[in-house]
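A look at the structure
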Amino acid sequence: MTPDDREMAVELVQQAYADGRLQPAELEQRLELALTATSWKDLEPILADLPDDVVLLETTGGSIRRAGDWQVPRRLRVSSEYGRVRLDLSQAVIRHPHIDIELRLPFGSATIILPAGASANADGVRTEWGSVVWKAPASRLAGGPHVRITGELTYGRLTVRTAHSGSFVRRR
């Protein structure tokens with residue numbers, strides 16, 4: 001578990017309070033538990049009854065493309081057996097400071113384009129014969145969204161870059 005995980009849990013609890021789903025005492029109790037959590041298991045009961053913004057994009061052999069003015073959910077699950085995935089967040093509407101993208105691409109590949117000022121972490125991506133090319137800041141930048149990418153690309157390739165990629169290159 002990372003500090004980003006705790007921060008994401010705190011944001012969900014605060015949003016639930018703002019939406020009127022929690023009373024002040026329950027907000028205080030859940031925030032304390034979230035801030036002292038040491039594992040995902042500690043966070044599960046805090047978040048279990050809160051709504052979660054998850055969108056599933058799925059295809060077998062076709063391509064998945066999102067670009068332009070689209071709403072980016074807090075959690076995005078992308079699954080494609082053989083297809084190509086291109087998620088362009090550079091002009092998207094991003095309401096969340098942290099976004100989780102989970103990829104399941106056994107034979108497919110993906111390109112994720114971040115908006116200027118965004119950062120990403122792809123350490124949670126597993127490959128066997130594939131590759132990960134990451135041309136974006138890894139540490140969260142002030143004010144910009146942070147995208148955490150996880151999942152499996154058995155034979156595929158993941159490319160993560162900003163809309164105007166600079167010299168941040170990390171290969172695994």
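Provided above is the structure to which this section pertains.
Every chain's residues receive numbers from 1 upward, in the order its sequence appears when written. For a predicted model such as this one, the threshold for reporting local features is a pLDDT of at least 70, and the threshold for listing and counting side-chain atom pairs is 80 or more; totals across whole chains, interfaces and linings nevertheless cover every residue. To get the side-chain values, take all heavy atoms of the structure and skip hydrogens and water.

Turning our attention to the overall build of the protein. A run of H or I in DSSP counts as a helix once it spans at least four residues, and a run of E counts as a strand once it spans at least two, with each numbered from the N terminus. Counting its secondary structure elements, the protein contains three helices and 13 strands. For the exposure calls, accessible area comes from a 1.4 Å probe over protein chains only, and a residue counts as buried if that area is under 20% of its type's maximum, exposed if over 50%, partly exposed in between. Going through the 172 residues of the protein one by one, you find that 41% of them count as buried. Should any heavy atoms of two residues lie within 4.5 Å, those residues are counted as being in contact. Long-range contacts, defined as pairs at least 24 residues apart, comprise 66% of the intrachain contacts of the protein with a sequence gap of at least 6. If you sum the accessible surface of the protein, you get close to 9,300 Å²; carbon and sulfur atoms cover 48% of it. Here the open area of atoms and residues is found with the Shrake-Rupley method and a 1.4 Å probe, where only the protein chains shown may cover a residue.

Quick look at the sheet that holds strand E1 (residues 54-59) now. Should DSSP find at least two bridges between two strands, the strands are regarded as paired. Spatially, the five strands line up as an open sheet ordered E1-E4-E7-E11-E9, and their pairing is parallel. Edge strands, defined here as strands with exactly one partner in the open sheet, are E1 and strand E9 (119-127). Across the sheet, the mean angle separating the axes of adjacent strands is 10° when strand polarity is ignored. Sheet topology places strand E7 (residues 98-104) next to strand E11 (residues 146-153); seven bridges connect them, and they run parallel. Paired with Leu 103 across the strands is Gly 151, a residue of E11. For helices, the fitted axis covers only the stretch in contact; all axes are lines through C-alpha atoms, and the angles between them, taken along N-to-C directions, range from 0 to 180 degrees.

Right, let's get into the pairing of E7. Taken across its seven residues, E7 has five buried, putting it largely inside the fold. Looking at chain direction, strand E4 (residues 75-80) and E7 are connected through five bridges and run parallel. Residue pairing across strands places Leu 76 opposite Ile 101, the latter belonging to E7.

Only one rule defines a salt bridge in this text: a Lys or Arg side-chain nitrogen within 4 Å of an Asp or Glu carboxyl oxygen. Under the defined criterion, the tally for this structure stands at nine salt bridges. Here the residues in one salt-bridge network are Arg 77, Glu 102, Arg 104, Arg 126 and Glu 152, joined through shared partners.

Take the nonpolar core next. The criterion is simple. A nonpolar core is a set of buried Ala, Val, Leu, Ile, Met, Phe, Trp, Tyr and Cys residues joined through side-chain atoms within 4.5 Å. Residues Leu 87, Ile 101, Leu 103, Ile 149 and Leu 158 are the most contacted members of the largest nonpolar core, which totals 29 residues. Looking at this core, the elements that each hand over two or more residues are E4, strand E5 (84-88), E7, strand E8 (109-114), E9, strand E10 (131-135), E11 and strand E12 (157-162). Apart from the residues within four sequence positions on either side, Ile 101 is in contact with Leu 76, Leu 87, Ile 112, Val 147, Arg 148, Ile 149 and Thr 150. Counting 15 residues, the second largest nonpolar core, distinct from the first, contains Ala 9, Leu 22, Leu 43 and Ile 46.

Moving on: the environment of Lys 135. Considering the arrangement of structural elements, one finds Lys 135 in strand E10. Taking relative accessible area as the criterion, Lys 135 reaches 29% and is therefore assigned partly exposed. Put simply, Lys 135 and Thr 162 are 27 residues apart on the chain and 7.0 Å apart in space, counted from C-alpha to C-alpha.

For patch building, the residue pool is restricted to those with more than 30% relative accessible area and no salt bridge; the joining distance is 9 Å between like charges and 5 Å between nonpolar side chains (Val, Leu, Ile, Met, Phe, Trp, Tyr). A cluster of nonpolar side chains, contributed by Tyr 82, Phe 107, Trp 129 and Tyr 155, occupies part of the molecular surface with about 550 Å² of accessible area. Take Trp 129: its relative accessible area is 66%, and that puts it in the exposed class.

This part takes up the packing of aromatic side chains. Pairing of aromatic side chains requires ring centres within 6.5 Å, counting the rings of Phe and Tyr and the six-membered ring of Trp. Pairs whose planes differ by under 30 degrees are stacked, by over 60 edge-to-face, and all others tilted. The full count for this structure, using the stated rule, is two aromatic pairs. Ring centres 5.2 Å apart and planes at 5° place the aromatic pair Phe 107 and Tyr 155 in the stacked group. On the criterion of sequence distance, the pair formed by Phe 107 in the loop between E7 and E8 and Tyr 155 in the loop between E11 and E12 is long-range, its members being 48 residues apart. A relative accessible area of 46% means that Tyr 155 is categorised as partly exposed. Taken together, the ring pairs in this structure connect Tyr 82, Phe 107 and Tyr 155 into an aromatic cluster.

This part covers helix H3 (residues 40-47). Buried residues of H3: Leu 43, Ile 46 and Leu 47, and no others. For H3, the angular spread of the buried residues around the axis is 80°, confining them to a single face. Across from the buried face of H3, at angles greater than 90 degrees, the exposed residues are Lys 41, Glu 44 and Pro 45. Taken from the helix axis, the directions to the C-beta atoms give the arc we talk about.

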